[in-house]
Amino acid sequence: QVQLVESGGGLVQTGDSLRLSCAASGRTFRNYVMGWFRQAAGKEREFVARISRAGGVRDYADSVKGRFAISRDNAKNTVNLQMNNLKSEDTAVYFCAASETYNARYDETDFAFWGQGTQVTVSS
(Lines give C-alpha, C1' and ligand atoms only; values in the text may rest on other atoms or scores of the structure.)
Protein backbone atom coordinates (compact mmCIF):
# COMPACT_ATOMS: atom_id res chain seq x y z
CA GLN A 1 0.00 0.00 0.00
CA VAL A 2 1.54 3.27 -1.17
CA GLN A 3 1.70 6.35 1.06
CA LEU A 4 1.59 9.83 -0.46
CA VAL A 5 2.70 13.17 0.99
CA GLU A 6 2.05 16.48 -0.78
CA SER A 7 4.05 19.66 -0.35
CA GLY A 8 4.55 23.04 -2.00
CA GLY A 9 1.24 24.75 -1.31
CA GLY A 10 1.03 28.35 -0.18
CA LEU A 11 -0.37 31.82 -0.70
CA VAL A 12 0.23 33.47 -4.08
CA GLN A 13 -1.25 36.24 -6.20
CA THR A 14 -3.24 35.97 -9.41
CA GLY A 15 -0.89 35.23 -12.30
CA ASP A 16 1.79 33.65 -10.12
CA SER A 17 3.20 30.16 -10.45
CA LEU A 18 3.49 27.38 -7.92
CA ARG A 19 4.90 23.86 -8.03
CA LEU A 20 3.36 21.10 -5.96
CA SER A 21 5.20 17.88 -5.20
CA CYS A 22 4.04 14.48 -4.04
CA ALA A 23 6.43 11.99 -2.48
CA ALA A 24 5.41 8.33 -2.65
CA SER A 25 6.62 5.41 -0.61
CA GLY A 26 7.21 1.90 -1.85
CA ARG A 27 9.07 0.17 -4.64
CA THR A 28 6.13 -0.12 -7.03
CA PHE A 29 5.55 3.59 -7.69
CA ARG A 30 5.99 3.16 -11.44
CA ASN A 31 3.06 0.73 -11.48
CA TYR A 32 0.58 3.43 -10.44
CA VAL A 33 -1.28 5.90 -12.56
CA MET A 34 -0.95 9.16 -10.63
CA GLY A 35 -3.37 12.02 -10.39
CA TRP A 36 -4.02 15.40 -8.81
CA PHE A 37 -7.41 16.43 -7.47
CA ARG A 38 -8.54 19.52 -5.63
CA GLN A 39 -11.31 20.51 -3.28
CA ALA A 40 -12.40 24.09 -2.72
CA ALA A 41 -14.09 25.09 0.52
CA GLY A 42 -17.69 23.95 0.56
CA LYS A 43 -17.36 22.08 -2.73
CA GLU A 44 -16.79 18.52 -3.89
CA ARG A 45 -13.40 17.16 -4.85
CA GLU A 46 -12.67 17.49 -8.57
CA PHE A 47 -10.20 16.06 -11.05
CA VAL A 48 -7.23 18.22 -12.05
CA ALA A 49 -4.68 16.06 -13.88
CA ARG A 50 -3.41 12.52 -14.34
CA ILE A 51 -0.28 10.90 -15.73
CA SER A 52 0.33 7.38 -17.00
CA ARG A 53 2.70 4.96 -15.31
CA ALA A 54 5.66 5.73 -17.55
CA GLY A 55 4.69 9.39 -17.90
CA GLY A 56 3.92 9.24 -21.62
CA VAL A 57 0.26 10.21 -21.37
CA ARG A 58 -1.03 13.26 -19.53
CA ASP A 59 -4.58 14.54 -19.18
CA TYR A 60 -6.03 17.69 -17.65
CA ALA A 61 -9.32 19.16 -16.62
CA ASP A 62 -10.50 21.82 -19.06
CA SER A 63 -10.27 24.44 -16.34
CA VAL A 64 -6.49 24.01 -16.01
CA LYS A 65 -5.47 22.90 -19.51
CA GLY A 66 -2.67 25.06 -20.85
CA ARG A 67 -1.80 26.39 -17.40
CA PHE A 68 -0.94 23.28 -15.36
CA ALA A 69 1.54 20.52 -16.15
CA ILE A 70 1.80 17.17 -14.41
CA SER A 71 5.06 15.22 -14.41
CA ARG A 72 6.65 12.30 -12.61
CA ASP A 73 10.10 11.01 -11.80
CA ASN A 74 9.86 7.28 -11.20
CA ALA A 75 13.49 7.10 -10.08
CA LYS A 76 12.66 9.49 -7.23
CA ASN A 77 9.12 8.26 -6.53
CA THR A 78 7.67 11.72 -7.06
CA VAL A 79 4.88 13.33 -9.04
CA ASN A 80 4.65 17.09 -9.54
CA LEU A 81 2.10 19.65 -10.59
CA GLN A 82 3.45 22.84 -12.12
CA MET A 83 0.77 25.52 -11.88
CA ASN A 84 1.15 28.68 -13.96
CA ASN A 85 -1.00 31.77 -14.38
CA LEU A 86 -2.91 30.95 -11.23
CA LYS A 87 -6.42 32.30 -10.79
CA SER A 88 -8.50 32.89 -7.70
CA GLU A 89 -10.72 29.95 -8.69
CA ASP A 90 -7.69 27.66 -8.33
CA THR A 91 -7.85 28.17 -4.56
CA ALA A 92 -8.35 24.74 -3.01
CA VAL A 93 -6.74 21.91 -1.12
CA TYR A 94 -4.79 19.86 -3.65
CA PHE A 95 -4.52 16.09 -3.26
CA CYS A 96 -2.13 13.62 -4.81
CA ALA A 97 -3.66 10.23 -5.62
CA ALA A 98 -2.55 6.84 -6.96
CA SER A 99 -4.42 4.21 -8.96
CA GLU A 100 -3.56 0.57 -9.58
CA THR A 101 -5.80 0.62 -12.66
CA TYR A 102 -3.78 1.20 -15.83
CA ASN A 103 -6.75 2.82 -17.57
CA ALA A 104 -7.93 4.89 -14.60
CA ARG A 105 -10.62 7.41 -15.52
CA TYR A 106 -10.78 11.08 -14.61
CA ASP A 107 -12.64 9.87 -11.57
CA GLU A 108 -11.60 9.70 -7.94
CA THR A 109 -13.30 6.30 -7.74
CA ASP A 110 -10.37 4.77 -9.64
CA PHE A 111 -7.80 6.21 -7.24
CA ALA A 112 -7.49 4.14 -4.08
CA PHE A 113 -4.63 5.95 -2.34
CA TRP A 114 -4.56 9.60 -1.30
CA GLY A 115 -2.24 12.09 0.32
CA GLN A 116 -3.24 14.47 3.11
CA GLY A 117 -3.56 17.49 0.83
CA THR A 118 -1.80 20.85 0.59
CA GLN A 119 -3.52 24.24 0.60
CA VAL A 120 -3.18 26.58 -2.36
CA THR A 121 -4.61 30.06 -1.95
CA VAL A 122 -4.63 32.56 -4.82
CA SER A 123 -5.43 36.16 -3.94
CA SER A 124 -6.84 38.60 -6.47
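Everything numeric in this text was worked out from a predicted model, so none of it was measured.

This paragraph deals with the sheet that holds strand S1 (residues 4-7). Here 4 strands make up an open sheet; going across it, the order is S1-S3-S8-S7 and the pairing antiparallel. The strands lining the two open edges of the sheet, one partner per strand, are S1 and strand S7 (68-73). Taking the axes of each pair of neighbouring strands and ignoring which way they run, one obtains an average angle of 15 degrees across the sheet.

Right, let's talk about the pattern of salt bridges for a bit. According to the stated counting rule, one finds 6 salt bridges in the structure shown. The salt bridge involving arginine 38 is made with glutamate 46; its shortest N-O contact spans 2.7 Å. As a salt-bridge pair, arginine 50 and aspartate 59 come within 2.9 Å of each other at their nearest N and O atoms. This pair shows no difference in class: arginine 50 is buried, exactly as aspartate 59 is. Connected through salt bridges with shared partners, the residues Arg38, Glu46, Arg67 and Asp90 form a single ionic network.

Turning our attention to the packing of aromatic side chains. Considering all chains together, one arrives at 5 aromatic pairs under this definition. Taking 5.2 Å as the distance between ring centres and 75 degrees as the angle between the ring planes, the aromatic pair formed by phenylalanine 37 and phenylalanine 111 counts as edge-to-face. Highlighted residues: phenylalanine 37 in strand S4 (residues 33-39) and phenylalanine 111 in the loop between strand S9 (92-99) and strand S10 (113-114), separated in sequence by 74 residues. Here the two residues phenylalanine 37 and phenylalanine 111 agree in accessibility, since each one is buried. For the pair phenylalanine 37 and tryptophan 114, a centre-to-centre distance of 4.9 Å together with 55 degrees between the ring planes defines the contact as tilted. In this pair, phenylalanine 37 is assigned in strand S4 and tryptophan 114 in strand S10, connecting sequence segments 77 residues apart. Counting every residue linked through ring pairs, the aromatic cluster contains Phe37, Phe47, Tyr106, Phe111 and Trp114.

Mapping arginine 30 onto the fold places it in the loop between strand S3 (18-24) and S4. Here the alpha-carbon distance between arginine 30 and alanine 54, two residues 24 residues apart in the chain, equals 6.6 Å. Here arginine 30 is in contact with Arg53, Arg72, Asn74 and Ala75, once residues within four sequence places are set aside.

For the rest of this paragraph, the subject is the nonpolar core. Core analysis: the largest hydrophobic core is formed by 36 residues, its most contacted members being Met34, Trp36, Val79, Leu81, Met83 and Tyr94. Those elements that place two or more of their residues in this core are S3, S4, strand S5 (46-51), S7, strand S8 (78-83), S9 and strand S11 (118-123). No other element matches S9, which puts 5 residues into this core.

Right, let's get into the pairing of S5. In terms of burial, S5 is largely enclosed, as 5 of its 6 residues are buried. From the end of S4 to the start of S5, which pair antiparallel, there are 6 residues, and glycine 42 there has a positive phi angle of about 75 degrees. Direction of pairing for S5 relative to strand S6 (residues 58-60): antiparallel, over a ladder of 3 bridges. Residue pairing across strands places arginine 50 opposite aspartate 59, the latter belonging to S6.

Taking the relative accessible area as the measure of exposure, phenylalanine 37 reaches 2% and is therefore buried. Measuring from C-alpha to C-alpha, the distance between phenylalanine 37 and valine 93 comes to 8.4 Å, with 56 residues separating the pair along the chain. Every residue in contact with phenylalanine 37, bar those within four places of it in the chain, is listed here: Arg45, Glu46, Phe47, Val48, Val93, Tyr94, Phe95, Ala97, Asp107, Glu108, Phe111 and Trp114.

Basis of the calculations
- Every chain's residues receive numbers from 1 upward, in the order its sequence appears when written.
- pLDDT decides what is reported in this predicted model: residues at 70 or higher carry local features, side-chain atom pairs at 80 or more are listed and counted, and totals for whole chains, interfaces and linings draw on all residues regardless.
- Neither water nor hydrogens contribute to the side-chain values; these are computed over all heavy atoms in the structure.
- When DSSP finds two or more bridges between two strands, those strands count as paired.
- Counting from the N terminus, the helices are the DSSP runs of H or I reaching at least four residues and the strands are the DSSP runs of E reaching at least two.
- Convention adopted: a line fitted to C-alpha atoms gives each axis, helices being fitted over their contacting stretch, and angles between N-to-C directions are expressed from 0 to 180 degrees.
- What makes a salt bridge here is a side-chain nitrogen of Lys or Arg within 4 Å of a carboxyl oxygen of Asp or Glu, nothing more.
- Exposure classes here rest on a 1.4 Å probe applied to the protein chains alone. A residue is buried below 20% of its type maximum, exposed above 50%, and partly exposed in between.
- Stacked, edge-to-face and tilted are the three classes for Phe, Tyr and Trp ring pairs, Trp counted by its six-membered ring, which pair at centre distances within 6.5 Å; planes under 30 degrees apart are stacked, over 60 edge-to-face, the rest tilted.
- Whether two residues are in contact is decided by their heavy atoms: any pair within 4.5 Å suffices.
- Nine residue types can take part in a nonpolar core, namely buried Ala, Val, Leu, Ile, Met, Phe, Trp, Tyr and Cys, and a core is a set of them joined through side-chain atoms within 4.5 Å.

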